[in-house]
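So you can see what is in the structure, the chains are spelled out below.
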Amino acid sequence: MLNDRLLQYTQSIVKRATYTINGVTKEGTIGQVVKAADSITIYIYIDDETQGTITNAKLYDVNNELLESKDYNTKKDSLAAATLGFQITIKKE
């Protein structure tokens, strides 16, 4: 019950994503959001034309405040779109 509410709240406040490729920060597209019993995974899509090395991705909330940042070292060519994922897990102890 609490997990569901926290995951739903998390999804509702995520409004923006960025990624850094070749040292340049660009706007990402928030795509699919997958919920599980205790986690939520938010996917960021990067278009086909973009190519280079992805070094970071960030999620921002409705107030444009940073929620999460994740470092990468992922090469992307222009043959296909890329997807980056942020998994947020709620853990009760």
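Residues numbered from 1 in each chain as written. Predicted model: local features only at pLDDT ≥ 70, side-chain atom pairs only at ≥ 80, totals over all residues. Heavy atoms only, no water.

### Some words on the pairing of strand 3 (residues 39-46)
Taking burial as the measure, the 8 residues of strand 3 include 6 buried ones, the bulk of the element. Inspection of the sheet shows strand 2 (residues 24-35) paired to strand 3 by 5 bridges, in the antiparallel sense. Bridge assignment links I30 to a residue of strand 3, and that residue is I44. Two successive antiparallel strands, strand 2 and strand 3, enclose a turn made up of 3 residues. With 8 bridges joining them, strand 3 and strand 6 (residues 82-89) adopt antiparallel strand pairing. Counterpart to Y45 in the pairing with strand 6 is T83. (Buried < 20%, exposed > 50% of the residue type's maximum accessible area, 1.4 Å probe, protein only. Helix = DSSP H or I, 4+ residues; strand = E, 2+ residues; numbered from the N terminus. Pairing = 2+ DSSP bridges.)

### Description of the packing of aromatic side chains
All told, the structure shown has 0 aromatic pairs when counted by the stated rule. Over the aromatic face of Y60 sits the side chain of R16, whose NZ or CZ is 4.5 Å from the ring centroid. (Phe/Tyr/Trp six-rings, centres within 6.5 Å; stacked < 30°, edge-to-face > 60°. Lys NZ or Arg CZ within 6 Å of the ring centre and 35° of its normal.)

Without other data, these values stay purely geometric and don't point to any function.
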